Amino acid sequence: MEKNYDVIALGELLIDFTMNGQSEQGNNLFEACPGGAPCNVLALLNKMGKRTAFVGKVGKDQFGTLLRDTITEAGIDASHLVTDAQVNTTLAFVHTFPDGDREFSFYRNPGADMMLTEEEVDAEFIAQTKIFHFGTLSMTHDGVRAATKKAVRAAKDAGCLVSFDPNLRPPLWSSLDLAKEQMEYGFGVCDILKISDNEIQFVSGKEDYDEGIAYLQETYHIPMILLTMGKDGSRVYYRGMRVERPGFSVKTIETTGAGDTFCGSTLNYIAEHGFEDLTEEQLGEMVTFANAAAAIVTTRKGAIRSMPERAEVEALIRG
């Protein structure tokens, strides 16, 4: 099968309304930022010159049009972005706290992103990628879960690398047990896992990150695990190696999209250097770049439109 794409991602595409000051009347102002983890990942890859495509669903409304235009403008192939005539585009309101941390209010009961069906996933299209990427937000409900699993099977059958970022958002699940179950499905099928410090504690029940990762490696035999630790940097576990690199100190305004930028950067490195015989030095280079790219995104609003250029990332690394 011809590999026309470096990365195809499936999942949620939505509007993140982020707080942006107050009006003269003292009301909170919100900015409509195109978002959704899978396309954030692809937007970074496009900035690095990679060929990407997205599979998902938006509503037949102004937000859906905005999202289609935004990803197309970013260079992401939107030919498999489906429009739902009945259900509105999913919205998320992001409340930012003084320390930069955030809380989400989702308008998704239902939202268009979770209405993607199995029939709308084209297995032959998925087969055209080198890497297939997904998360758990497309696993919260039966229909879209079946669509996601069909795409994963298609990727596996075509010999694609499978990348998984659980991206746990507790408010979107009917129960945390179901969330854990779907995360476990992802662990069982992925070659590359990107997981955050709080997610590893949630799934492994272990306080110590290395113990949590060891549990995942023993249970699921995942070839590469990337652990993000916020401003403390990240670790990569691969073929018995454990490589850690510190984060970069920047003036953070909001952390939306940082993990996705990190994830996109690592997939970019793998697209360029392959997955089989990475050295300790290469792993260090990969996560240093990913840490720096993620740091830059935290200095900007939104994610899809805020991805850094390669030169900016290299400049931050040089310090």
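Residues numbered from 1 in each chain as written. Predicted model: local features only at pLDDT ≥ 70, side-chain atom pairs only at ≥ 80, totals over all residues. Heavy atoms only, no water.

**Considering the pattern of salt bridges**
Note on pairing: side chains with opposite charge can pair once their charged atoms come close. In total, this model carries 17 salt bridges according to the counting rule given. Of the charged contacts, one joins R108 and D113 as a salt bridge, the two residues approaching to 2.8 Å between their closest N and O atoms. A single burial state applies to R108 and to D113, both of which are buried. Residues E244 and R242 are paired through a salt bridge, measuring 3.5 Å at the closest nitrogen-oxygen approach. The exposure class of R242 is partly exposed, given its relative accessible area of 37%. (Salt bridge = Lys/Arg side-chain N within 4 Å of Asp/Glu carboxyl O. Buried < 20%, exposed > 50% of the residue type's maximum accessible area, 1.4 Å probe, protein only.)

**A short note on the sheet that holds strand β3 (residues 28-35)**
Read across the sheet, four strands follow the order β3-β2-β6-β7 without closing on themselves; strand pairing throughout is mixed. One side of each edge strand has no neighbouring strand; the edge strands of this open sheet are β3 and β7 (102-107). Adjacent strand axes in the sheet meet at a mean angle of 30°, parallel and antiparallel pairs treated alike. Note: strand β6 (residues 91-96) against β7, six bridges, orientation antiparallel. Bridge pairing links A92 to F106 in β7. Of the strands in this sheet, β2 (14-22), β3 and β6 touch helix α2 (residues 62-73), which is tilted by about 100° from β2. (Pairing = 2+ DSSP bridges. Helix = DSSP H or I, 4+ residues; strand = E, 2+ residues; numbered from the N terminus. Axes fitted to C-alpha atoms, helices over the stretch in contact; angles between N-to-C directions. Contact = heavy atoms within 4.5 Å.)

**Examining the packing of helix α1 (residues 37-47) against helix α8 (residues 258-273)**
Closest axis-to-axis distance for the α1/α8 pair is 8 Å, and the angle between their directions is 50°. It follows that α1 is oblique to α8 by the angle criterion. In this structure, α1 crosses over α8, and the sense of that crossing is right-handed. Facing A37, N40, V41, L44 and L45 of α1, the residues of α8 in contact are D260, T261, C263, G264, S265, L267 and N268. Across the contact of α1 with α8, the residue classes tally to six nonpolar, five polar and one charged. (Parallel < 35°, antiparallel > 145°, perpendicular 65-115°, else oblique. Left-handed = near helix turned anticlockwise from the far one by under 90°. Nonpolar A, V, L, I, M, F, W, Y, C, P; charged D, E, K, R; others polar.)

**Thoughts on the pairing of strand β11 (residues 224-228)**
Of all five residues that make up β11, five are buried, and the element is covered over most of its length. With burial as the criterion, each face of β11 is covered, one bearing M224, L226 and T228 and the other bearing I225 and L227. Pairing between strand β10 (residues 192-196) and β11: five bridges, direction parallel. Note on β11: the bridge partner recorded for L193 is I225. Taken together, β11 and the strand that follows it, strand β12 (residues 234-238), pair antiparallel across an intervening segment of five residues, in which G230 is found at a positive phi of about 60°.

**Notes on α1**
In terms of burial, α1 is a largely internal element, ten of the eleven residues being buried. Those residues of α1 lying buried are A37, P38, C39, N40, V41, L42, A43, L44, L45 and N46. Residues of α1 that are buried make contact with β1 (5-10), β3, β4 (52-59), α2, β8 (129-135) and α8. G49 sits one or two positions beyond α1 and adopts a positive phi of about 85°.

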